[in-house]
Amino acid sequence: MTHYSHIIGWGKYVPPDILTNFDLEKMVDTTDEWIRTRTGVRERRILKDPEESTATMATRAARDALAKARVDPDDLDLIIVASSSPDYAFPATACLVQDALGASHAGAYDLSAACSGFVYGLAMAHGQIVAGLANTVLVIGSETLSRLIDWSDRNTCVLFGDGAGAVVVQGSDQPGGFLTAELGSDGSGGDLLIVPASGTRHPTTMKTVANGDHYIKMGGREVFRFAVRVMADATRRVVAQAGLALEDIDWIIPHQANVRIIQSSIVKHLKFPAERVYMNLDRYGNTSTASIPLALVDAIEEKKLKPGDNIVFVGFGGGLTWAAAVVQWGVPVPKPPLSFQKQMDLAIHYRWAAIQSFIRRWRRRILGFFLGSPDTETTTEKVSSQLDKVGDQVAKVSRQIHKGEEMNNQQESNNEEE
Ligand code: UT7
């Protein structure tokens with residue numbers, strides 16, 4: 001039985017379009033000075049391309065993470081997408097990502113815990129792994145909050161941004177990795193951070209649209225007070241639960257909502273050194289579930305983390321929810337770049353995944369058109385299920401060939417080193 005789970009790959013995607021505080025000055029009654037001093041945000045990314053969405057950003061971040069982890073999409077057992085701005089109520093954004101990755105053996109589901117969602121996702125991944133139900137899990141936080149924002153509401157529009165971050169979590173016999181987590185909820189504060197309409201409580205009507213009830217509404221001051229309290233308390237508790245003291249923690253990577261929240265809770269209340277609290281919210285704003293993985297990836301890229309470092313991830317958000325986890329970092333960074341051959345293999349895999357998805361859609365439509373009732377298994381269905389088996393077999397053989405090549409390459413490089 002596997003007792004440990006480690007983050008072995010990480011990736012991010014942020015859209016290219018930048019919205020600065022000065023741009024916002026032209027849109028609502030605000031100033032760069034107010035936004036910077038009250039929140040710490042200078043600019044945020046906005047997903048403008050209508051062809052792109054939470055799922056496509058999640059897929060880009062996931063591909064990056066899989067490449068860094070050297071994990072084939074076919075080897076994924078589970079994909080968890082934490083999001084407050086999913087593509088649809090259903091299907092799950094995770095299913096769209098699974099299809100785009102061609103992750104043919106992965107289960108997929110969305111996780112709704114607002115900004116705490118990524119840490120919830122890490123805990124779920126660890127649980128599945130140590131229970132023996134999965135070995136390799138992709139955890140993604142992805143948000144297109146710009147499409148849920150009322151751009152005339154200065155209380156909210158200055159805060160949020162778009163982006164996605166992903167990690168690959170894998171089972172291991174090596175001690176360390178995910179140590180423990182605390183997940184919390186106080187549903188009595190649900191109305192403090194809410195999109196009131198477009199769910200089943202208040203389905204979309206002309207009236208809800210006219211009221212702007214399909215946009216994010218927030219009681220900023222109350223959420224602020226809640227955040228300062230739970231970020232400090234949850235960090236303190238989760239560190240103790242891991243059998244550590246705050247002095248043993250090398251980095252805290254908090255939810256990037258507001259620099260004042262981070263300073264009050266972590267630096268002031270916990271007296272944790274500010275230089276070991278990672279922040280990038282000046283560049284991206286609050287990207288909800290994506291904020292912690294985006295910060296993790298930036299911290300890695302800036303070579304802040306080293307093997308053995310104890311890291312706390314801590315977040316809070318709508319629900320109200322909070323979550324904190326302690327992870328002992330186990331992977332040396334940076335990793336050597338992917339070989340050209342592997343990059344080509346992955347490019348072909350993703351192209352093939354898109355073709356397969358297209359074929360499946362059309363086969364379903366054509367079968368539906370010709371067969372009518374689904375109750376009886378026809379010759380065509382038998383043929384198509386045989387075709388599926390052949391397809392699976394081809395994929396299996398090609399993976400084995402690929403793994404054989406990788407082992408040969410590894411052998412050759414070992415020989416060269418000797
Ligand atoms: O992922 C979780 C997401 N949510 C959060 O993290 C929100 C947590 N809350 C906060 O970050 C802060 O409460 C805000 C940044 C939202 C607001 O900061 P604040 O220091 O709590 O300001 P406030 O709401 O107490 O408002 C102070 C003043 C008000 O004017 P008056 O009543 O004093 O005249 C507001 O109308 O600032 C005004 N104000 C603004 N002024 C310029 C509010 N928003 C703006 C703005 N530009 N964008």
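Residues numbered from 1 in each chain as written. Predicted model: local features only at pLDDT ≥ 70, side-chain atom pairs only at ≥ 80, totals over all residues.

Caption draft 1: Expanded view of the nonpolar core. The biggest cluster of nonpolar side chains holds 111 residues, and the ones touching the most others in it are Ile79, Ile80, Val97, Val119, Val139, Ile140 and Ala325. Examining the composition of this core, we find that nine residues originate from one element, helix 8 (residues 220-241), more than from any other. If near-sequence neighbours (up to four positions away) are discounted, Val139 is found in contact with Ile80, Phe118, Gly121, Leu122, Ala125, Ala166, Val167 and Val169. (Core = buried A, V, L, I, M, F, W, Y, C linked by C-beta atoms within 7 Å. Buried ≥ 20, exposed ≤ 12 C-beta atoms within 10 Å, placed from the backbone. Helix = DSSP H or I, 4+ residues; strand = E, 2+ residues; numbered from the N terminus. Contact = placed C-beta atoms within 7 Å.)

Caption draft 2: The packing of helix 8 against helix 9 (residues 259-269), seen in detail. Between helix 8 and helix 9, the least distance of the axes is 9 Å, while the angle of their chain directions is 35 degrees. The crossing of helix 8 and helix 9 is right-handed. Here Phe224, Ala227, Val228, Met231, Ala232 and Thr235 of helix 8 lie close against helix 9, whose contacting residues are Ile261, Ser264, Ser265, Ile266 and His269. (Axes fitted to C-alpha atoms, helices over the stretch in contact; angles between N-to-C directions. Left-handed = near helix turned anticlockwise from the far one by under 90°.)

Caption draft 3: Representation of the pairing of strand 7 (residues 163-172) within the structure. Strand 7 sits mainly inside the fold: nine of its 10 residues count as buried. One ladder, built from nine bridges, connects strand 1 (residues 4-13) with strand 7; its direction is antiparallel. Pairing of Ser5 across the sheet is with Gly171, part of strand 7. As paired strands, strand 6 (residues 136-143) and strand 7 are joined by eight bridges and run antiparallel to one another. Bridged to Glu143 within strand 7 is Gly163. (Pairing = 2+ DSSP bridges.)

Caption draft 4: Structural detail: the environment of Asp282. The residue Asp282 is located in helix 10 (residues 281-284) in this model. For the pair Asp282 and Arg44, spaced 238 residues apart in sequence, the C-alpha to C-alpha distance is 7.7 Å. Dropping the residues within four chain positions of it, Asp282 is found in contact with Gly40, Val41 and Arg42.

Caption draft 5: Geometry of the site of the ligand. The ligand sits among 20 residues. The nearest are Thr30, Arg154, Gly220, Phe224 and Ala257. Residue assignment for the shell around the ligand shows that the elements contributing at least two residues are helix 2 (32-39), helix 6 (154-157) and helix 8. Among the elements that make up the shell around the ligand, the one with the highest residue count is helix 8 (five residues). Its residues assigned to classes, the shell around the ligand shows nine nonpolar, eight polar and three charged. (Near = placed C-beta within 6 Å. Nonpolar A, V, L, I, M, F, W, Y, C, P; charged D, E, K, R; others polar.)

Caption draft 6: Layout of the domain arrangement of the protein. Domain assignment breaks the protein into domain 1 (4-328) and domain 2 (340-417). Inter-centroid distance (C-alpha atoms) of domain 1 to domain 2 is 32 Å. Across the contact, 10 residues belong to domain 1 and nine residues belong to domain 2. Among the secondary structure elements, those contributing two or more residues to the side of domain 1 that touches domain 2 are helix 3 (54-69) and helix 4 (93-101). Grouping the constituent residues of the side of domain 1 that touches domain 2 by class yields four nonpolar, two polar and four charged. (Domains from an automatic or database assignment.)

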